Structures are given as C-alpha cells and as structure tokens.
Amino acid sequence: MRSETINQGVDRLDTALRAHRDGDIAAAAAGYRAVLAENPADPDALNFLGLTQRQSGHVGSARAWLERACHACPEGVPARVNLATLCQDLGDLETAERHYRRALARAPNAVAALNNLGNALTDMDRPVEALALFDKALAHAGADERAEVHYNRHALVLDREGPAAAEAAIMESLAAVPTHRLARLQAAALAMARGAQAEAEEHLSRLAASGDAAPLLDSAVWLRPHLAAGARLLGTTIAGLAFALDRARLSGLVLEFGVRFGHSLRAIAARAGQPVHGFDTFTGLPGAWHGHAPGLYSTGGRLPWMPDGVTLHAGLFAETLPGMLAAHPDQPVRFANVDCDLYDSAADVLRVLAPRVVPGSVLAFDEFLINPGWQEDEFRAFHDAAARYRWRASVLGVSPFAKQAVLRIDAVGGAAGVG
Ligand SMILES: C[S@@+](CC[C@H](N)C(=O)[O-])C[C@H]1O[C@@H](n2cnc3c(N)ncnc32)[C@H](O)[C@@H]1O
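None of these values were measured; they are calculated from a predicted model.

Caption draft 1: Fine view of the nonpolar core. Of all hydrophobic cores here, the largest spans 132 residues; its most connected members are Ala 113, Ala 188, Ala 189, Ala 244, Val 338 and Val 349. In terms of residues, this core owes the most to one element, helix H11 (residues 181-193), which gives nine residues. When residues are assigned to domains, this core turns out to be shared by domain 1 (143-230) and domain 2 (233-418), each giving three or more. For Val 349, the residues in contact, after removing those within four places along its chain, are Phe 257, Phe 317, Leu 321, Val 338 and Cys 340.

This is the structure:
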C-alpha cells in the first residue's frame, strides 16, 4: 500500500515534469501541487513549483516555495541555486551570495552557481573575485555554459584590459555557441568601436538570422553613430558609473534614482568624493513593468546600509525630490544615475530636475537599450525631456552588456538633440 502511494507520487511528478518541459506551466503547477498534497515536503515538487511561479511572474510566491524546498532538503543543490538566482534577479545580492556559497560547498564545480555568483560579485564591485569564479566555471563548463561564462567574463575584461582582450573573450563565447545573440551583438559593437563597419554588419546579419532579435538589432542601429563618433564602449554597470563620475566635473549634486539594496549607490559614493543622495520608495516599482506587477524590487520597506556621506530619501521621486532640491538651492546636477526602469518614474525625475540640469551635467541610465520595448522606457523619457527642455546632449559611453548609457548635457535652451 505504502509503495503504491510512492509510485503514484513518482508518476505524478513525471507527468508534471513532462507538462513543464512542454511549456504547459499551469498543468505543471497543478501536478506539483498534487504531489505536495500527498507529500508536503517533496523537495523536487517544491523546487519545480517554485520555478513555475517564477515563470508566471509571481516572484514572492516563487521565493516562498524555493525556501520551503531548501528547508525540506537543506543540502540540495538545485533548489538552493534556484533560490539564489531569484534573490540575485531581485537585487538581493548578499542573500544570493549566501545561497550560492552554500550550494558550492556541496558542489564546488557547479557551473551555474559559479557563473551566477561571478555576476553577483561583479555587481557588488568585487571584480577580482568575480573573475576567479568565471575562470573556475570555464574549467568545468560544457559548450552552452562556456558561451555564457565567456560572455559574462568579457565585460570585466573590457573594463580592465580593453577592447582587444574583450573581443577575444567574445569570440570564445561565439565559438562555443555561434547563435549566442548578446555575444553576437557585442561582437558587432566591438567591431563598430574600432571602425570595422563591414565586420560589424557581418555580425549583425548573423544576429538577424538567429531570429527573435529585433530589440538587439534596433539597439545596434542606435549604437552605430554614437560609437562611430567616439562614445566609449563600456562593460559592467559599476565601471560605467566610475566612467560617468570621472567625466562629471561640475561642482554640484550627485544623485541616484532607484537604489533598491544600494549596490550601485555604494559604488557611486565610493567614487564621488562628495555627499550623495539616493531616492527610492523601497517598496518597489510603483507601476507594472513589462509583465511584472507593481512592487517588483521591493526591499520590504527597509533602507539599505550606506556609508557616511549618503542620504537616503524614501518615497516617490515626485514627492521627495522637490524638498531635497529646495534644501540645496542653486546647486546644479553634477551627476545623476537614473535606474528606475519605468517611463513615468524617469519622466518625473527629469521634469523635477530640469531646472538644475546645465551644460556639463552627466546623466547615466541603466535600462536604456537592449530590453524588449527599450525605446518606451528610460530612453523615451530622456528623449522627451531633451525635446521639452531643449537639451543638446552627447553620448559619452554605452554598455550593451549592462544596458547602460552615459550622456552629457552640452547645451540647454537651443536646438535639442542627442549627437
Ligand atoms: C532596478 S531597481 C534599482 C537598482 C539599484 N540601482 C541597484 O544597484 O540595485 C529600480 C528601483 O527604482 C525604484 N523606483 C522606481 N520608480 C520609482 C519612483 N517613482 N519613486 C521612487 N522609487 C522608484 C524601485 O523601488 C526600485 O527599487
């Protein structure tokens, strides 16, 4: 009787897994729930149910199921890595690191954990540790994994060793998987940056042939004239922020819009050499964004730890920024990092800041290109503001890897445009 129950459970799990593999998420989730009705601590069903929730955009529920899976089987590696990856995607990098390290203690050569932790450490401003993890991942990776690890590694290499070394890493990625779309776009961008237009076009036609690449091809069209005009091709977000601050030479305000757990703001504070201000609801995005419900990226209302010299302003930008500006009269914007994803949020920031935006102000945007619909979010907010407030701007740097652009305002009040 008992073994019959177990067999039924195995059959149910197999059926749910088949539905999952076939892309029928609802049927898979129902199947995993049926397994859990029999055995509430089945670690596989808990793990896979967590994944279905993730795939359906229910990140809170996904996290809860994955935590239950880890609780049911504390030494299990797949659920631990899935939980770490979810935490990472939500920006909770410290928690992600803890889970990756625990998974790696059990499975030291787990390539996904090594690679993803490398990415997390990159975003935590720990490039040397990140490179060591990528190198270790490469020693154990299969072809698909090699393509991904080389792609991630190349961004650090670009920042630290320059474009020739980065191009070698990208070509390794493409040698492993020639249809890796982001690597193909980056190969095109690297070719554009050294003036090899024909090579860039060859990469772009291969990108077009790989299918489903419209946002990347549109991004390439936008990149082409800016790279030809000398915009710097940047790698990681953190290096892009350092580059931007280095070129922001005015005396004035240093600001970030979209702080979340504070990783980019701490990197800005470490390099700004002056007080900085960070703005966020800390309860997540106030509106829906590309299929995600409002509230994505919430820290649960908790303000992250910040070093001395950083002031956090909790609430909607439109409500907190005017008061902060009033407390600092006559100070222009030296540098602002706009990392709030939504058109409306970026538009609010630029509208309230506009009187303080002057020639020499440097603005960085973190979701400027690459994403599906990129022309509708921060990109459009910037172009609408440039038209409305008659800003002429230059693109100083751009990172397809980080989806980031760094722009300098060159003139205000004349003909608008981005040159
Ligand atoms: C992608 S996260 C920022 C990531 C952050 N820079 C980092 O280093 O991890 C976007 C953030 O923008 C915030 N946000 C978006 N629109 C906002 C608004 N109108 N007012 C306040 N915060 C907003 C969200 O709460 C979210 O934390």
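Caption draft 2: Structural context of the pairing of strand S6 (residues 362-365). Neither face of S6 is left uncovered, since the one carrying Val 362 and Ala 364 and the one carrying Leu 363 and Phe 365 both have all their residues buried. In this view, the connection linking strand S5 (residues 333-338) to its parallel neighbour S6 by way of helix H17 (residues 343-353) has right-handed handedness. Alignment of S6 against strand S8 (residues 404-412), held across four bridges, turns out to be antiparallel. Within S8, the residue paired with Phe 365 across the bridge is Ala 405.

Caption draft 3: Spatial organisation of the site of the ligand. Lining the immediate surroundings of the ligand are 22 residues, of which Gly 258, Arg 260, Ser 264, Cys 340 and Ser 345 lie closest. Among the elements of the structure, helix H15 (263-272), strand S3 (276-280) and H17 are those that each provide at least two residues to the shell around the ligand. Taken together, the residues of the shell around the ligand break down into 10 nonpolar, seven polar and five charged.

Caption draft 4: Representation of the environment of Leu 86 within the structure. Note on placement: Leu 86 falls in helix H5 (residues 77-89). Classification of Leu 86 as buried rests on a count of 22 C-beta atoms within 10 Å. In this structure, Leu 86 is in contact with Arg 54, Val 59, Ala 62, Arg 63 and Leu 66, ignoring residues within four places of it in sequence.

Caption draft 5: Looking closely at the domain arrangement of the chain. For the chain, the assigned domains read domain 1 (143-230) and domain 2 (233-418). For domain 1 and domain 2, the distance between their C-alpha centroids amounts to 26 Å. Contact with domain 1, which involves 18 residues of that partner, is made by 13 residues of domain 2.

Caption draft 6: Expanded view of the packing of H11 against helix H12 (residues 197-209). Taken N-terminus to C-terminus, the directions of H11 and H12 make an angle of 165°; their axes are 7 Å apart at the nearest point. Taken together, the axes of H11 and H12 lie roughly antiparallel to each other. Note that H11 runs across H12; the crossing there is left-handed. Across the interface between the two elements, Arg 181, Arg 184, Leu 185, Ala 187, Ala 188, Ala 191 and Met 192 from H11 touch Gln 197, Glu 199, Ala 200, His 203, Leu 204, Arg 206 and Leu 207 from H12. Its residues placed into classes, the contact of H11 with H12 shows eight nonpolar, two polar and four charged.

Caption draft 7: Molecular detail of helix H14 (residues 237-247). Most of H14 is tucked away: eight of the 11 residues are buried. Taken together, the buried positions of H14 are Thr 237, Ile 238, Ala 239, Gly 240, Leu 241, Phe 243, Ala 244 and Leu 245.

Caption draft 8: Just the packing of helix H6 (residues 93-106) against helix H7 (residues 111-123), in detail. Running from N to C, H6 and H7 cross one another at 150°; their axes reach a closest spacing of 10 Å. By the criterion of interaxial angle, the relationship of H6 to H7 is roughly antiparallel. In the crossing of H6 with H7, the sense of the turn from one axis to the other is left-handed. Across the interface between the two elements, Leu 93, Ala 96, Glu 97, Tyr 100, Ala 103 and Leu 104 of H6 pack against Ala 113, Asn 116, Leu 117, Ala 120 and Asp 123 of H7.

Caption draft 9: Looking closely at helix H8 (residues 127-140). Look at H8: 20 Å from first C-alpha to last across 14 residues, which is about the 20 Å you get at 1.5 Å a residue. All of the buried residues in H8 are Pro 127, Ala 130, Leu 133, Phe 134 and Ala 137. Burial along H8 is one-sided: seen end-on, the buried residues are contained in an arc of 120°. Residues of H8 that are exposed and point over 90 degrees away from its buried face: Val 128 and Ala 139. Along its buried surface, H8 packs onto H7 and helix H9 (143-161).

Caption draft 10: Highlighting the pairing of S5. In terms of residue burial, S5 counts as a mostly covered element, since six of its six residues are buried. Of the strand pairs in this sheet, strand S2 (residues 253-257) and S5 are connected by five bridges, and their pairing is parallel. Looking across to S5, one finds that Leu 255 is bridged to Ala 336. Relative to S6, S5 runs parallel, the two being bridged by four bridges.

Caption draft 11: Broad picture of the confidence of the model for the chain. The predicted model of the chain averages 96 in pLDDT, with 98% of residues at 70 or higher. Looking over the chain, one finds the lowest element-wise mean pLDDT in helix H1 (residues 2-21), namely 80, and the highest in S2, namely 99.

Caption draft 12: Quick look at the environment of Phe 368. Position of Phe 368 relative to the elements: it lies in the loop between S6 and helix H18 (378-389). Along the backbone, Phe 368 and Asp 339 are 29 residues apart, and their C-alpha atoms lie at a distance of 9.2 Å. Excluding residues within four positions of it along the chain, Phe 368 makes contact with Trp 374, Glu 378, Phe 379, Lys 403, Gln 404 and Ala 405.

Caption draft 13: Molecular detail of unusual backbone geometry. At Asp 125, a position not held by glycine, the phi torsion is positive, near 65°. Mapped onto the elements of the fold, Asp 125 is located in the loop between H7 and H8. One non-glycine residue, Tyr 297, lies in the positive phi region at around 80°. Within the secondary structure, Tyr 297 is located in the loop between S3 and strand S4 (310-314). For Tyr 297, a count of 24 C-beta atoms within 10 Å gives the class buried.

Conventions used here
- Residues numbered from 1 in each chain as written.
- Predicted model: local features only at pLDDT ≥ 70, side-chain atom pairs only at ≥ 80, totals over all residues.
- Core = buried A, V, L, I, M, F, W, Y, C linked by C-beta atoms within 7 Å.
- Buried ≥ 20, exposed ≤ 12 C-beta atoms within 10 Å, placed from the backbone.
- Helix = DSSP H or I, 4+ residues; strand = E, 2+ residues; numbered from the N terminus.
- Domains from an automatic or database assignment.
- Contact = placed C-beta atoms within 7 Å.
- Right-handed = clockwise from strand over helix to strand, strands pointing away.
- Pairing = 2+ DSSP bridges.
- Near = placed C-beta within 6 Å.
- Nonpolar A, V, L, I, M, F, W, Y, C, P; charged D, E, K, R; others polar.
- Axes fitted to C-alpha atoms, helices over the stretch in contact; angles between N-to-C directions.
- Parallel < 35°, antiparallel > 145°, perpendicular 65-115°, else oblique.
- Left-handed = near helix turned anticlockwise from the far one by under 90°.
- Expected span 1.5 Å × (residues − 1).
- Arc of directions from axis to C-beta.
- pLDDT = per-residue confidence, 0-100.

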